[in-house]
Amino acid sequence: MAGVMETEEQAKTRFQSELEFVQCLANPNYLNFLAQRGYLREKPFVNYLKYLLYWKDPEYAKYLKYPQSLHMLELLQYEHFRKELVNAQCAKFIDEQQLLHWQHYSRKRMRLQQALAEQQQQQQHSGTASK
């Protein structure tokens, strides 16, 4: 099969499949599922995870909806992390940490948006007051 060129349709299908799979890596429960079934111990699967690191390139990363999937992909390069994922408590901990991060980010973003809106209102009022 080496040396056989991929058609445009095959390349598109591979891109979509790999995009979907990389995004699935953001789910710690899915990682736990893979670990418990032994996929994370199989050399071909570990090599596939290494191959997928090209998603860290901004040219590809821009298509990801779940940026934490790249962090998980990076961690999956380490055997110790792959072994720990067999433990459901490990997956639960990661899940909780992701939730806490998201909550903190959401609150911080809301505060920044409110501050920006207030700043814009003040600028509008000061602009109309000087006329």
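Residues numbered from 1 in each chain as written. Predicted model: local features only at pLDDT ≥ 70, side-chain atom pairs only at ≥ 80, totals over all residues. Heavy atoms only, no water.

Under the counting rule described, the total for this entry stands at 5 salt bridges. Between E74 and K56 there is a salt bridge whose closest N-O contact spans 2.5 Å. Taken together, the positions of E74 in helix 5 (residues 68–75) and K56 in the loop between helix 3 (43–51) and helix 4 (58–61) put the pair 18 residues apart, joining distant regions of the chain. The class for E74 is partly exposed, based on a relative accessible area of 25%. (Salt bridge = Lys/Arg side-chain N within 4 Å of Asp/Glu carboxyl O. Helix = DSSP H or I, 4+ residues; strand = E, 2+ residues; numbered from the N terminus. Buried < 20%, exposed > 50% of the residue type's maximum accessible area, 1.4 Å probe, protein only.)

Let us look at helix 5. Where helix 5 is concerned, the buried positions are S69, L70, M72 and L73. Buried positions in helix 5, seen along its axis, are confined to an arc of 160° and lie on one side of it. (Arc of directions from axis to C-beta.)

Moving on, we come to the nonpolar core. Among the nonpolar cores identified, the biggest contains 21 residues, and L25, L40, L49, W55, L76 and L85 are the most heavily contacted of them. Counting only elements with at least two residues in this core, the list comes to helix 1 (8–24), helix 2 (28–36), helix 3, helix 5 and helix 7 (88–129). In this structure, L76 is in contact with L25, L31, L40, L49, F81, R82 and L85, ignoring residues within four places of it in sequence. (Core = buried A, V, L, I, M, F, W, Y, C linked by side-chain atoms within 4.5 Å. Contact = heavy atoms within 4.5 Å.)

For the rest of this paragraph, the subject is the packing of aromatic side chains. In this structure the tally under the stated criterion is 12 aromatic pairs. With centroids separated by 6.3 Å and ring planes inclined at 80°, the aromatic side chains of F21 and Y30 adopt a geometry described as edge-to-face. The exposure class assigned to F21 is buried, which follows from its relative accessible area of 13%. Exposure remark for Y30: the relative accessible area of 26% places this residue in the partly exposed category. A centroid spacing of 5.7 Å and a plane angle of 45° characterise the contact between F21 and Y48, whose relative ring orientation is tilted. (Phe/Tyr/Trp six-rings, centres within 6.5 Å; stacked < 30°, edge-to-face > 60°.)

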